[in-house]
Amino acid sequence: MKGDYQDLVDEISALLGAPATLENRDFRLIAFGAHDSDDDLAMDPVRTRSILTRQSTAAVRSWFEGFGIARATGPVRIPAAPDAGVFRGRICLPVRFRGIVQGYVWLLDQEPGKPGPDPAALAAAMEVAQRIGVLLAEEAKAGADLSREFQAVLTAGRGWQQDMAVAALRAALGPGGDGLHAAVCIAPWPGEAPASVPGAAAVCVVPRRGGGAGEPGDASAAGPAGGLALAVLLRLRSTDALAPALTAVARLLPRAAQPAAAAAGAGSAAFRAEAAPAPSAGAGPAAATGPLRMTAGVADPVRGLAELPAAWEQAVAAARAAVAEPRLGPVAQWSQIGPYRLLAGLAADPVDDPAARTLLAPAHRELARTAEVFLDCAGQAGRAAAALGIHRQTLYYRLGRVEQLTGLDLDAGEDRLLLHMALKASRLA
């Protein structure tokens, strides 16, 4: 297929009498025409970097996108901007398929005062761009058909089976397998995988093992979904450009969660606080009953596929944390879930520590919540009482009851740590 792209790019170059380059919608170079001009302005820093590194910087992409190329249906002329490293103007031919942009063909525009390509030539070049769009769409669809290989990586046991599954997925993805990716877990998932997810290299549905380490909750609580999770392998431009990935994830969540989840691209604490109301002071860790709401977890970016199994565990842990702590939002990033990064791996089974067992019973939900808020406030009685909306003497009375039920000394650091871990881990059961 690579040769097909090169032939079509050469055809556009011949039609317009100028060397053309083809990039996908993520501004990664696919093919470029021969350049034999002595004009130094023709090889400005932006074009040189694109060809040599096979991609453009985030700043350059943002600058070009500001001219509306992602929405355009015809040629777009972009003026020169020497300060941005664009010494010559560009002509951009959007490459679309069924209304969806698949990439861009770039050509150097003529210098000011000189006639550019005539409309007939541009129209013919756009017809070629449409043929390129068909190829890119077919290639994207082929990537979406990698569900079997992707699923094998996520479900294989550790060792040689997992290594073979990773090798098979890498071979199926081709050169793209060595790029930057983020693993995403969305759970509970109600059925089959979507036909396509923007920016996804692979998508599949996997079973959620009940309460297993790193798994998003107990499969028995998944209801009609049958204990399923949606796994998405998203392509990334750079490690600090997660906004498009988070937006794509947010679109997969139920409509009610989308407005809040869409703000996740900003990575702001405000989004996480507004995405879902914090539990009330009367709701303790043991109150996590009823149907599970759909949440998404996003792992840290990884380059290549060797760390994909570990990234999937991160994504699952983040999705579980989003259920345990609604303040984390419907879309939680592993880097931002705090203690749940450890607890999700430790809480393989429902918490049953003898010290916390009685406190976690439904009859003592208020006391459990009191203890958790007290420990969240680093043992500061004034802050805890204010957060709970109770008098300080009431707080002391409840904490005394907690010590009686658990046999723990809340003045002892290790006892505090044990109880705090048990309370937080119980949310993941």
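Per chain, residues are indexed from 1 in the order of the written sequence. Under the rules for a predicted model, residues below a pLDDT of 70 receive no local features and side-chain atom pairs below 80 are neither given nor counted, while totals for whole chains, interfaces and linings still include all residues. Hydrogen atoms and water are omitted, and side-chain values are computed over all heavy atoms in the structure.

Asks: Before we go on, may I ask you to explain the overall build of the protein in this structure?
Replies: In terms of helices and strands, the protein carries 16 helices and eleven strands. Per-residue burial for the protein yields a buried fraction of 48% across its 429 residues. Across the protein, every contact between residues at least 6 apart in sequence was considered, and the portion connecting residues at least 24 apart equals 67%. The method behind every accessible area is Shrake-Rupley, applied with a 1.4 Å probe, and residues are considered shielded solely by the protein chains displayed. Entry remark: accessible area of the protein is about 20000 Å², with carbon and sulfur atoms responsible for 55%. A run of H or I in DSSP becomes a helix once it reaches four residues, and a run of E becomes a strand once it reaches two; helices and strands are each numbered from the N terminus. A 1.4 Å probe rolled over the protein chains alone gives each residue an accessible area, and that area as a share of the maximum for its type sets the label: buried under 20%, exposed over 50%, partly exposed in between. Contacts: residue pairs with any heavy atoms within 4.5 Å of one another.

Asks: Help me understand the nonpolar core, please; the structure alone is not making it clear to me.
Replies: Where a protein is soluble and globular, its nonpolar side chains tend to be buried together. By nonpolar core we mean a set of buried residues, namely Ala, Val, Leu, Ile, Met, Phe, Trp, Tyr and Cys, connected to one another through side-chain atoms within 4.5 Å. Among the nonpolar cores identified, the biggest contains 28 residues, and F150, L154, L169, C185, L233, L308 and W312 are the most heavily contacted of them. Of all elements in the fold, only helix 5 (147-155), helix 6 (160-173), strand 6 (180-187), strand 7 (200-207), strand 8 (228-235) and helix 10 (308-324) reach the threshold of two or more residues within this core. The element best represented in this core is helix 10, accounting for six residues.

Asks: How should unusual backbone geometry be read in this particular structure?
Replies: Across the chain, the bulk of peptide bonds are trans and the bulk of non-glycine residues have phi less than zero. The omega torsion of the bond from A187 to P188 falls at -10°, within 30 degrees of zero and hence cis. Looking at the element boundaries, P188 is found in the loop between strand 6 and strand 7. Phi is positive for R98, close to 50°, though the residue is something other than glycine. Within the secondary structure, R98 sits in the loop between strand 4 (90-97) and strand 5 (100-108). R98 sits in the exposed class, given a relative accessible area of 76%. Unlike most non-glycine residues, A378 shows phi in positive territory, near 60°. Mapped onto the secondary structure, A378 falls in the loop between helix 13 (365-376) and helix 14 (381-388).

Asks: How do you make sense of the packing of helix 13 against helix 15 (residues 392-406) when you look at a structure like this?
Replies: Between two packed helices, what matters for the description is the angle formed by their axes and the separation of those axes. Angular values range over 0 to 180 degrees, each being the angle between N-to-C directions of two axes fitted as lines to C-alpha atoms, with helices fitted over their stretch in contact. Packing of helix 13 against helix 15 brings their axes to within 9 Å, and their N-to-C directions diverge by 105°. Put simply, helix 13 runs roughly perpendicular to helix 15. Residue-level inspection shows E366, L367, T370, A371 and F374 of helix 13 in contact with helix 15, the latter providing L395, R398, L399, R401, V402 and L405. Any residue that is not Ala, Val, Leu, Ile, Met, Phe, Trp, Tyr, Cys, Pro, Asp, Glu, Lys or Arg is counted as polar, Gly included; the first ten are nonpolar and the last four charged. Of the residues that constitute the contact of helix 13 with helix 15, the class distribution is seven nonpolar, one polar and three charged. Any angle between 65 and 115 degrees counts as roughly perpendicular, while under 35 counts as roughly parallel, over 145 as roughly antiparallel, and the rest as oblique.

Asks: Can you help me understand the packing of aromatic side chains in this one?
Replies: For any pair of aromatic rings, the description rests on two quantities: the centre-to-centre distance and the angle between the ring planes. Ring geometry is summarised as follows: Phe, Tyr and Trp rings, the Trp one being its six-membered ring, pair when their centres sit within 6.5 Å, and such pairs are stacked at plane angles under 30 degrees, edge-to-face over 60 and tilted between the two. All chains considered together, the criterion is met by six aromatic pairs. With centroids separated by 5.1 Å and ring planes inclined at 70°, the aromatic side chains of W63 and F64 adopt a geometry described as edge-to-face. Residue classification places W63 among the partly exposed residues on the basis of a relative accessible area of 28%. A relative accessible area of 4% places F64 in the buried class. For a lysine, the NZ atom is tested; for an arginine, the CZ atom; a charge sits over a ring if that atom is within 6 Å of the ring centre and within 35 degrees of the ring normal. In this structure, R341 is placed above the aromatic ring of W334, and the distance from its NZ or CZ to the ring centre is 4.0 Å.

Asks: Looking at this structure, I do not really get helix 16 (residues 413-426). What am I missing?
Replies: Each full turn of the α-helix corresponds to 3.6 residues, which orients residues three or four apart in the same direction. Its 14 residues give helix 16 an end-to-end C-alpha distance of 20 Å, which sits within 8% of 20 Å, the value for a rise of 1.5 Å per residue. If you check which residues of helix 16 are buried, you get L419, A422, L423, K424, A425 and S426. The length a helix should cover is 1.5 Å for every residue beyond the first.

Asks: How should I be thinking about the packing of helix 5 against helix 6 in this particular structure?
Replies: Running from amino to carboxyl end, helix 5 crosses helix 6 at an angle of 155°, the nearest separation of the two axes being 8 Å. When the axis of helix 5 is compared with that of helix 6, the two are roughly antiparallel. Both helix 5 and helix 6 take part in a crossing whose hand is left-handed. Contacts between helix 5 and helix 6 involve E149, F150, A152 and V153 from the former and Q162, A165, V166, A168, L169 and A172 from the latter. When the near helix sits turned anticlockwise from the far one by under a right angle, the crossing is termed left-handed; a clockwise turn instead gives a right-handed crossing.

Asks: Which parts of the structure should I look at to understand the confidence of the model for the protein?
Replies: Low pLDDT means the predicted coordinates in that region are not meant to be read closely. Residues with a pLDDT of 70 or more make up 76% of the protein, whose mean pLDDT is 78. The predictor attaches a confidence to each residue, and that confidence, scored 0 to 100, is pLDDT. For the protein, per-element mean pLDDT is lowest for helix 9 (residues 269-275), which scores 33, and highest for strand 4, which scores 93. With pLDDT under 50 throughout, residues 210-226 is counted as low confidence; its partners more than four residues away or in other chains account for 45 contacts. Considering only residues more than four positions removed or in separate chains, one finds that residues 258-290, a stretch of pLDDT under 50, has 56 contacts.

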